[in-house]
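# Architecture at a glance
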Amino acid sequence: MYAVIKTGGKQYRVMQGETLRVEKLLGDVGAAINFDQVLLVGTGEDITLGAPLVAGALVAATIKSHGRADKIRIIKFRRRKHHQKQMGHRQYYTEIEIGEISSDTSKADTSKAAGDKKPAKATADSTKE
């Protein structure tokens, strides 16, 4: 079973037991967190696609560590002008381990089917009689 989640402005394809680095999240090491912004859930050949989110889907994860990525060097250089500027940046990240992927699509399907029916509007001709 796999899912596509959205966190930190990015989308990640995750599977149970997988470890990945995401943008910095608040929480202590060892804390459990839940991702409720699930865009897609797949089991073998069956795929449940949200519009935009899958109703009732949840991805549970555990925070393994916090850290900073490798330094990215930025160099600005203007030729023949005696101008050279160097900067660097290290992005913070949180390393998480995906625990459980759960989707409750049966409730979402029944609630969607019940909500599709709309009452008929009364027309001006039917009110005159």
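Residues numbered from 1 in each chain as written. Predicted model: local features only at pLDDT ≥ 70, side-chain atom pairs only at ≥ 80, totals over all residues. Heavy atoms only, no water.

### Regarding the pairing of strand E10 (residues 92–102)
Pairing geometry for strand E3 (residues 19–23) and E10, over five bridges, is antiparallel. Bridged to Leu20 within E10 is Ile96. Pairing between strand E7 (residues 58–68) and E10: 10 bridges, direction antiparallel. Bridging across to E10, Leu58 finds its partner in Ser102. (Pairing = 2+ DSSP bridges. Helix = DSSP H or I, 4+ residues; strand = E, 2+ residues; numbered from the N terminus.)

### What to know about the pattern of salt bridges
Overall, the coordinates contain two salt bridges when judged by the stated rule. Across the salt bridge formed by Glu23 and Lys10, the nearest N and O atoms sit 2.7 Å from each other. A residue pair is termed long-range when its members are at least 10 positions apart, and Glu23 in strand E3 and Lys10 in strand E2 (residues 10–15) qualify at 13 residues. (Salt bridge = Lys/Arg side-chain N within 4 Å of Asp/Glu carboxyl O.)

### Things to note about the sheet that holds strand E4 (residues 32–35)
Taking strand neighbours across the sheet as the criterion, the four strands line up as E3-E10-E7-E4 in an open arrangement whose pairing is antiparallel. For this open sheet the edge positions go to E3 and E4, each flanked by a neighbour on one side alone. Strand-to-strand, the axes of this sheet are offset by a mean angle of 45 degrees, without reference to chain direction. (Axes fitted to C-alpha atoms, helices over the stretch in contact; angles between N-to-C directions.)

### Considerations on the confidence of the model for the chain
Summarising the model, the chain shows a mean pLDDT of 86, and 81% of its residues fall at 70 or more. Across residues 108–115 the pLDDT falls below 50, and counting only partners more than four positions away or on other chains, this stretch makes one contact in the model. (pLDDT = per-residue confidence, 0-100. Contact = heavy atoms within 4.5 Å.)

### A word on the packing of aromatic side chains
Applying the stated criterion to the full structure yields zero aromatic pairs. When the ring centre of Tyr2 is taken as reference, the NZ or CZ atom of Arg13 above it lies at 4.2 Å. Lys24 extends its terminal NZ or CZ atom over the ring of Tyr92, reaching a point 5.1 Å from the ring centre. (Phe/Tyr/Trp six-rings, centres within 6.5 Å; stacked < 30°, edge-to-face > 60°. Lys NZ or Arg CZ within 6 Å of the ring centre and 35° of its normal.)

### Observations concerning unusual backbone geometry
Following Ala51, the chain continues into Pro52 via a peptide bond in cis, with omega recorded as 0 degrees. Tracing the backbone shows Pro52 in the loop between strand E6 (46–49) and E7. Look at Arg80: it is not a glycine, yet its phi comes out positive at around 60 degrees. Mapped onto the secondary structure, Arg80 falls in the loop between strand E8 (72–78) and strand E9 (83–89). Not every positive phi belongs to a glycine, and His82 is a case in point at roughly 55 degrees. Along the chain, His82 falls in the loop between E8 and E9. Judged by relative accessible area, His82 falls into the exposed class, the value being 87%. (Buried < 20%, exposed > 50% of the residue type's maximum accessible area, 1.4 Å probe, protein only.)

### Some thoughts on the environment of Ser65
Here Ser65 is to be found in strand E7. Between the C-alpha atoms of Ser65 and Asp28, which are 37 residues apart in sequence, the distance is 8.4 Å. Not counting chain neighbours up to four residues away, the residues in contact with Ser65 comprise Val29, Tyr93, Thr94 and Glu95.

### A closer look at a positive patch on the surface
Positive charge collects at one region of the surface, where Arg68, Lys71, Arg73 and Arg90 lie side by side. By the secondary structure assignment, Lys71 is in the loop between E7 and E8. (Patch = residues over 30% accessible without salt bridge, like charges linked within 9 Å, V, L, I, M, F, W, Y side chains within 5 Å. Areas by Shrake-Rupley, 256 points an atom, 1.4 Å probe, with all protein chains shown as cover. Lys, Arg positive; Asp, Glu negative; His and termini not counted. Charge placed at Lys NZ, Arg CZ, Asp CG, Glu CD.)

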